[in-house]
Amino acid sequence: MKTFYIETFGCQMNAHDSEKVVGTLVQEGYNQVNDEAEAGLILYNTCSIRDKAEQKVFHRLNEYKKLQGEGKRFAVIGCVAQQEGTKIFEKAPYVSLVAGSSSYRNLPEMLERLEAGETRITGLDDRQTDQTFDTEFTARTNPHRGYITIIEGCDKFCSYCVVPYTRGKERSRTSASVLAEAQRIAQLGFTEIQVLGQNVNSYRDPSGRRTFAELLVAIGEVNGIERVRFTTSHPRDFTKDIVDAIDATPALCDHVHLPVQSGSTDVLRAMQREYTRDWYLERIQWTKDAKRDISLTSDIIVGFPGETGRDFEDTITLLEIVGYDAIYGFKYSPRPNTPAIHMVDSIAEEVKIQRLAILNARQRDIQRVNYGRHLEQTLTVMVEHAANSRGQITGRSTQNKTVNFTCDTTPAIGSYVDVRITQVFPNSLVGEAISVPIAPSAALLAQQALNARVTVLG
Ligand code: SAH
Ligand code: SF4
Ligand code: F3S
């Protein structure tokens, strides 16, 4: 029996790519196993965004090495595969397949060559490809959320970032194909869809029929869909009609993730983000002026080359002005192939550590206030995890806030429950169910059972 084991790192797009890779492998007659020792083919779907990611991959491959000689085959896919290319064969000769995300549509053919015994198979497309990885064979392994990638790649070339080199140029799917997928997801019983793209709002319908905002509305109107999320939005392409779409469409969630990276216009210029602090804040004001209570979250990099104490202070004041509900703060990490790696005036590691600590402490205070507003409110929560050891069930509000709650019954994953908030923390809310859970459809339960089988079958 052909078996495989897959491990995935990185962003949600990588997680969803793995769902498509799993679907393709199952279609090709492979069975997924949970233990690499039992697998004939071991795949490692990699991320290279920060922190010497490639070294970690080689380290991990070294651990796998002890399994070679038992007829096992190894494949490195994803962003480190695209970045390092055939160097991977030199450093880890037992690897047989190296493929970046823009070549996954050729996976069936690559698998055939692998089965025929070839040992140096590559899928390393350059930035020229126009192809997207559309496949019907997607293993929907997330038990409550269906993902749709609407745009792949990135053309923004921020000076610190590897993504334009690892994911190829920006290319969008037609809105008709996206909507057909949204309908398939709804038929499987999912009520939540997450729309994905490195810069999801840079979407350009190749058929010219819909803008990004119109596509969001159309997805939100698909029968059975209750919640639509989208990540990641780039401030450059964030238009007012996105806010209007949220205001007009109940299924669009009250949440926008709009990474600012820095609050200093000088640093933004050096990062090649192509917007200023004021330009960003104008977009924030649109969301604050909306009728809905739109939650805002962000990514921030501290210690970019040349970032002065004053620049960092600008980031802190921006946090306060926006009042984010969550941020993902990172220390700047020099990456291969990117222009920023050659920039002088790099910031000492201790300073980066210190700035990140200040950033996180300040953000925690902001969240304490923001989350505090929910005390005594009733929020509709979608159940994401079964009860923990304390008997609490975990789910999320439309704003994507984590809610831990107690309930007389045990709601299934994918149910909706109204929860009264009784306690607030800077990162989560606690409450008690005040409605009978609306259970997921039989179709979703069947889909969940199917995926449980995909994961455990030997
Ligand atoms: N396309 C999205 C984010 C993609 S990467 C955007 O432009 O906002 C996710 C996050 O990783 C980025 O928002 C950034 O904050 C962080 N990141 C990317 N490259 C980095 C680097 N070299 N060092 C530190 N953080 C980085
Ligand atoms: Fe990277 Fe910038 Fe593209 Fe985001 S927009 S993926 S940070 S290059
Ligand atoms: Fe990582 Fe590639 Fe995503 S570098 S963050 S897996 S696009």
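A few points on the structure.

Conventions we followed
Residues numbered from 1 in each chain as written. Chains lettered and ligands numbered in written order. Predicted model: local features only at pLDDT ≥ 70, side-chain atom pairs only at ≥ 80, totals over all residues. Heavy atoms only, no water. Near = heavy atom within 4 Å. Polar contact = N/O pair within 3.5 Å; in protein donor to acceptor, adjacent residues only side chain to side chain. Areas by Shrake-Rupley, 256 points an atom, 1.4 Å probe, with all protein chains shown as cover. Helix = DSSP H or I, 4+ residues; strand = E, 2+ residues; numbered from the N terminus. Nonpolar A, V, L, I, M, F, W, Y, C, P; charged D, E, K, R; others polar. Salt bridge = Lys/Arg side-chain N within 4 Å of Asp/Glu carboxyl O. Buried < 20%, exposed > 50% of the residue type's maximum accessible area, 1.4 Å probe, protein only. Phe/Tyr/Trp six-rings, centres within 6.5 Å; stacked < 30°, edge-to-face > 60°. Pairing = 2+ DSSP bridges.

## A word on the site of ligand 1
Around ligand 1, the structure places 17 residues, and the nearest of them are Arg50, Gln198, Gln261, Asp299 and Ser333. Measuring from a nitrogen atom of ligand 1, one finds a backbone N or O atom of Tyr160 at 3.0 Å. Separating a nitrogen atom of ligand 1 from a side-chain N or O atom of Asn199 is a distance of 3.3 Å. Across the complex, the protein chains shield 91% of the 540 Å² of accessible surface that ligand 1 would expose by itself. Among the elements of the structure, β13 (295–302) and β14 (326–331) are those that each provide at least two residues to the shell around ligand 1. Grouping the amino acids of the shell around ligand 1 by side-chain chemistry returns six nonpolar, six polar and five charged.

## Some words on the pattern of salt bridges
If you walk through the whole model with that rule in mind, you get 29 salt bridges. Notably, a salt bridge pairs Arg420 with Glu376, separated by 3.0 Å at the nearest N-O pair. Separated by 44 residues along the polypeptide, Arg420 in strand β18 (residues 416–424) and Glu376 in the loop between α13 (349–372) and β15 (378–385) bring together distant segments of the chain. Its relative accessible area of 26% is what places Arg420 among the partly exposed residues. Looking at Glu376, the relative accessible area reads 54%, which means it is exposed. Residue Glu432 pairs with Arg420 through a salt bridge whose shortest N-O separation is 3.7 Å. Linking Glu432 in strand β19 (residues 428–433) with Arg420 in strand β18, this pair joins segments that are 12 residues apart in sequence. On the basis of relative accessible area, Glu432 is assigned to the partly exposed category, the value being 35%. Look at the salt bridges and you will find they share partners, linking Arg145, Glu192, Arg229, Glu384 and Arg396 into a network.

## Focus: the packing of aromatic side chains
If you walk through the whole model with that rule in mind, you get nine aromatic pairs. Ring geometry for Phe4 versus Tyr30: centroids 6.5 Å apart, planes at 70°, classification edge-to-face. Placement of the pair is Phe4 in strand β1 (residues 3–8) and Tyr30 in the loop between α1 (12–27) and β2 (31–32), with a sequence separation of 26 residues. Tyr30 shares its class with Phe4; the two are buried. When the ring of Tyr160 is compared with that of Phe304, the centres are 6.3 Å apart and the planes differ by 80°; the resulting orientation is edge-to-face.

## Some remarks on the site of ligand 3
Residues in close proximity to ligand 3 include Gly10, Cys11, Asn14, Cys47, Ser48, Ile49, Cys79, Arg167 and Gln198, which together make up its full environment. Broken down by class, the residue content of the shell around ligand 3 amounts to four nonpolar, four polar and one charged.

## Topic: the sheet that holds strand β5 (residues 95–99)
Strand order in this open sheet of six strands is β2-β1-β3-β4-β5-β6, and the pairing throughout is parallel. Each edge of the open sheet is held by one strand with a lone partner, namely β2 and β6 (121–123). Here strand β4 (residues 73–78) pairs with β5 via four bridges, running parallel. Counted as the bridge partner of Val76 is Val98 from β5.

Honestly, that's just the spatial picture; any functional story needs more than this.
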